[in-house]
Amino acid sequence: MGEAHYLEHEVHGWAARDCSGVLSPFKFSRRATGPRDVTFKVLYCGICHSDLHQIRNEWQNSKYPMVPGHEFVGIVTEIGPEVHQHKVGDHVGVGCMVGSCQNCDSCAKGAEQYCECMTPTYNDVDQDGKPTYGGYSALMVCDERFVLQIPKSLPLDAAAPLLCAGITVYSPLRYFGMDEAGKSLGVVGLGGLGHMAVKFGKAFGMNVTVISTSPSKEEEARLILNADNFLVSKNDQQMKKAVKTLDYIIDTVSAKHELEPLLSLLKVNGKLVLVGGPEEPLQLNPFAILFGRKTVAGSTIGGIKETQDMLDFCGVHNLISTIETIPFEYVNKAMDRLAKSDVKYRFVIDVANTL
C-alpha cells in the first residue's frame, strides 16, 4: 500500500446509460497509478446541479455511460514515485477538472479552468484516451496537480461541495475584490451556491443581503445563515427602498431573470457578477450600467491554487457546506428533488458506506 502499481484499477460506481438520466450500478476501469498520480478511496461526493443537466443531456453534449460527480473527497491509498505534494493517508479531493495543457497563458496564471484544453472530471476524454469518470465511484486516480488537500479540521462530507459550489462563489468574490470588510454584498438566490456566498461574505466581515423570489426563505437566511438583510425581488416596494445600497452583487440564479432591477441596487462603481447559467440569454439595457459606471461580469470555478487557498481559508474559519447526506440507493430520488430545488443546500452521497 502506498507505492504505485501498474495494473488498472477495477472500480464500482453508478452511471447514467442514456438521457433518461437514471443512475444504476456500473463497473469500469481506471488507469494504473502513474508516476505523478494520486489514487484515493472516495468517501463522499456532492451532487451538483450540473450533474442533473449532464445525465439528462440538457446541454446536448452528454456521453454515455456517464459516471457523474465533480466534488468528491477521500483518503489517499497510493501515490506515484514522482508525487511530492500528497502522501498516503492524506484527506484529499478532486473538483471540476483533472487536467489542462500546463503551457498556455491561463495555465501560467493559475487559471487552469479557462485553458482551452482543460479536461473536465467527467463526460470527457482523459490523458490515456479513455472516458473521464467522476466521483459517483469508489476510487479515483488523478494527476497530483489537480488533487486538493482537505484540511483535517473539516468534516469530509460537508467539505466535498466546497470543490464546486464553494470555489464557484469564492473565486469571483476574491478576483473582483468583492471581499472587503464593511462593504455590502448582495447574494441572489439561496441554493447550493448562494448559501456558500453568504457564508463567505460573513467570514469576510461584509454586510450581506440575500435577494430571493421566495419570502419563505427569509427566516433561514437570517437565523441559520446570519444574513444581515433580506429582499424579496418581486416586492417592488422593498426593491425601491434598497436602490443604491449595495457595493457588490453575486448572482447565482440559473433561471431566466431580469438584471436591471438588480443593477439598480448597486452604488456607483458597483459590480454584478454572474455565476449561474440560465439556458436562455439574459437581456441588458446599456443605460443600466452607463449611469453609475457599473460592472457586469461572469465567472466559473477557480484555478487549483485558488481552490487550495479557499480550502485553507475554510479550514481556518470552519466554513463548510450545509448538506443532506444520502445513500446511493436514494440518488435518483435526490435528482428529482434537486430538479425542484428541494434540498438545503447540497446532497452528498455517502459513497464508502453505501456503494
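Residue numbers run consecutively from 1 along every chain, following the written order of its sequence. Given that this is a predicted model, residues contribute local features only at a pLDDT of at least 70 and side-chain atom pairs are listed and counted only at 80 or more, while totals for whole chains, interfaces and linings are drawn from all residues. Neither water nor hydrogens contribute to the side-chain values; these are computed over all heavy atoms in the structure.

Participant: Which parts of the structure should I look at to understand the overall build of the protein chain?
Facilitator: Runs of E in the DSSP output that reach at least two residues are strands. Runs of H or I that reach at least four are helices, and both are numbered from the N terminus. Along the protein chain, the regular secondary structure elements total 12 helices and 18 strands. For the protein chain, whose C-alpha radius of gyration is 20 Å, the value lies close to the compact-globule estimate of 20 Å for 355 residues. Overall size of the protein chain, expressed as C-alpha extent along the three principal axes, is 65 × 40 × 35 Å. Counting all 355 residues of the protein chain, 55% fall into the buried class. Contacts: residue pairs with any heavy atoms within 4.5 Å of one another. Considering only residue pairs separated by 6 or more positions, the protein chain has 67% of its internal contacts joining residues 24 or more positions apart. Summed over its atoms, the accessible surface of the protein chain is roughly 15600 Å², and 52% of this surface lies on carbon and sulfur atoms. Neither His nor the chain termini are counted; the positive set is Lys and Arg, and the negative set is Asp and Glu. By convention, the point assigned to a charge is CZ for Arg, NZ for Lys, CD for Glu and CG for Asp. The protein chain carries 34 positive and 41 negative side-chain charges, and their two centres are separated by 6 Å. The reference for a compact globule is 2.2 Å times residues^0.38; the radius of gyration itself is calculated from the C-alpha atoms. Classification of residues uses two cut-offs on accessible area relative to the type maximum, computed with a 1.4 Å probe and protein chains only: under 20% is buried, over 50% is exposed, and between them is partly exposed. Only the protein chains shown count as cover for residues, and all accessible areas are computed by the Shrake-Rupley method using a 1.4 Å probe.

Participant: What is the right way to read the sheet that holds strand β11 (residues 184-188) from this model?
Facilitator: Adjacent strands of a sheet pair through backbone hydrogen bonds, lying either parallel or antiparallel. A pair of strands is considered paired only if DSSP assigns at least 2 bridges between the two. On the basis of which strands lie adjacent, the open sheet formed by six strands has the order β13-β12-β11-β14-β15-β16 and parallel pairing. Looking at the sheet topology across the chains shown, the edges are occupied by β13 (229-232) and β16 (295-298). Pairwise comparison of adjacent strand axes, ignoring direction, gives a mean angle of 20° for this sheet. Judged from the five bridges that link them, β11 and strand β12 (residues 207-212) form a sheet pairing that is parallel. Within the sheet, the bridge partner assigned to Ser 184 lies in β12 and is Asn 207. Strand contacts of helix α5 (residues 192-203): β11, β12 and β14 (246-251), with the helix running at about 170° to β11, the strand carrying the most contacts. Note on definitions: angles span 0 to 180 degrees between N-to-C directions of axes, and those axes are lines fitted to C-alpha atoms, for helices only across the stretch in contact.

Participant: For this particular structure, what's the right way to read α5?
Facilitator: For an α-helix, the turn length of 3.6 residues means that residues three or four places apart are oriented alike. With 12 residues, α5 extends 17 Å between its outermost C-alpha atoms, agreeing within 8% with the 16 Å of an ideal straight helix rising 1.5 Å per residue. With 10 of 12 residues buried, α5 lies mostly within the body of the structure. Every buried residue of α5 is listed here: Gly 192, Leu 193, Gly 194, His 195, Met 196, Ala 197, Val 198, Lys 199, Phe 200 and Gly 201. Where α5 is buried, its residues touch α4 (165-175), β11, β12, β14, α10 (304-317) and β18 (346-350). Positive phi shows up at Gly 205, right after α5, with a value of about 85°. Expected helix span is computed as 1.5 Å times (number of residues minus one).

Participant: Could you clarify how one ought to interpret α10 in this entry?
Facilitator: Relative to the 20 Å expected for 14 residues at 1.5 Å per residue, α10 spans 20 Å between its end C-alpha atoms, a close match to the ideal helical length. Within the sequence span of α10, burial applies to Ile 304, Glu 306, Thr 307, Gln 308, Met 310, Leu 311, Phe 313, Cys 314 and Gly 315. Tucked into the core, α10 has its buried residues touching β7 (97-99), β10 (148-149), α4 and α5.

Participant: Whenever I open this one, the nonpolar core confuses me. Can you help?
Facilitator: Note on soluble globular proteins: their nonpolar side chains tend to be buried together. Formed by 94 residues in total, the largest nonpolar core has its most connected members in Ile 47, Tyr 136, Phe 200 and Ile 250. Residue contributions to this core peak at six residues, all from strand β4 (residues 37-46). Apart from residues no more than four positions distant in its own chain, Phe 200 is found in contact with Gly 166, Val 169, Tyr 170, Leu 173, Met 310, Phe 313, Cys 314 and Leu 319. Here, the term nonpolar core denotes a set of buried Ala, Val, Leu, Ile, Met, Phe, Trp, Tyr and Cys residues that are joined through side-chain atoms within 4.5 Å. Core analysis: the next-biggest nonpolar cluster, separate from the first, contains 14 residues, Val 188, Leu 265, Leu 266 and Leu 272 among them.

Participant: It is not clear to me how the pairing of β11 should be interpreted in this structure. Could you clarify?
Facilitator: Remember that side chains alternate between the two faces of the sheet whenever the strand is regular. Burial runs high along β11: five of the five residues are buried. Residues of β11 alternate between two faces, with Ser 184, Gly 186 and Val 188 on one and Leu 185 and Val 187 on the opposite face, all of them buried. Crossover connection from β11 via α5 to parallel β12: handedness right-handed. Crossovers are marked right-handed if the path from the first strand over the helix to the second runs clockwise, as seen with the strands pointing away from the viewer.

Participant: Looking at this model, I keep getting lost on the environment of Gln 149. Mind explaining?
Facilitator: Along the chain, the position of Gln 149 falls in strand β10. In sequence terms Gln 149 and Val 94 are 55 residues apart; their C-alpha atoms lie 9.1 Å from each other. Contact partners of Gln 149, with chain neighbours within four places excluded, come to Gln 85, His 86, Asp 90, His 91, Val 92, Gln 308 and Leu 311. Counted as a polar contact is a pair of N or O atoms within 3.5 Å, where, for protein atoms, one must be capable of donating a hydrogen and the other of accepting one, and residues adjacent in sequence contribute only when both atoms are in side chains. Engagement of the side chain of Gln 149 in a polar contact is seen with the side chain of His 86, the distance being 2.9 Å.

Participant: I would appreciate a short explanation of the pairing of β14 in the present structure.
Facilitator: Across the six residues of β14, six count as buried, placing the element largely inside the fold. Two strands pair when backbone bridges link them, and β14 and strand β15 (residues 266-274) are joined in this way by five bridges, in the parallel orientation. Directly across from Tyr 248, in β15, lies its bridge partner Lys 271.

Participant: I keep staring at the packing of aromatic side chains and nothing clicks. Help me out?
Facilitator: Each aromatic ring pair is summarised here by two numbers: the centre-to-centre distance and the angle between the ring planes. Between the rings of Phe, Tyr and Trp (Trp by its six-membered ring), a pair exists once the centres lie within 6.5 Å; its type follows the angle of the planes, with under 30 degrees stacked, over 60 edge-to-face, and the other angles tilted. Here the structure, examined in full by the defined rule, presents 14 aromatic pairs. Members of the aromatic cluster, joined through ring pairs, are Tyr 170, Phe 200, Phe 204 and Phe 313. Any Lys NZ or Arg CZ found within 6 Å of a ring centre and within 35 degrees of that ring's normal is scored as a charge over the ring. The cationic tip of Arg 174 hangs over the ring face of Phe 313; the distance from NZ or CZ to the ring centre is 5.2 Å.

Participant: Can you walk me through the pattern of salt bridges in this structure?
Facilitator: Two side chains carrying opposite charge are able to pair once their charged atoms lie near each other. Salt bridge criterion: a side-chain nitrogen from Lys or Arg within 4 Å of a carboxyl oxygen from Asp or Glu. According to the stated counting rule, one finds 18 salt bridges in the structure shown. With a closest N to O distance of 3.1 Å, Asp 336 and Arg 56 form a salt bridge. With a gap of 280 residues between them, Asp 336 in helix α11 (residues 331-339) and Arg 56 in the loop between α1 (49-55) and β5 (72-79) connect regions that are remote in the sequence. We note a salt bridge from Glu 220 to Lys 344, for which the minimum N-O separation is 3.0 Å. Taken together, the positions of Glu 220 in helix α6 (residues 218-224) and Lys 344 in the loop between α11 and β18 put the pair 124 residues apart, joining distant regions of the chain. Look at Glu 220 and you get buried, because its relative accessible area is 9%. Overlapping salt bridges, with partners in common, bring together Arg 31, Asp 37 and Asp 126 in one network.

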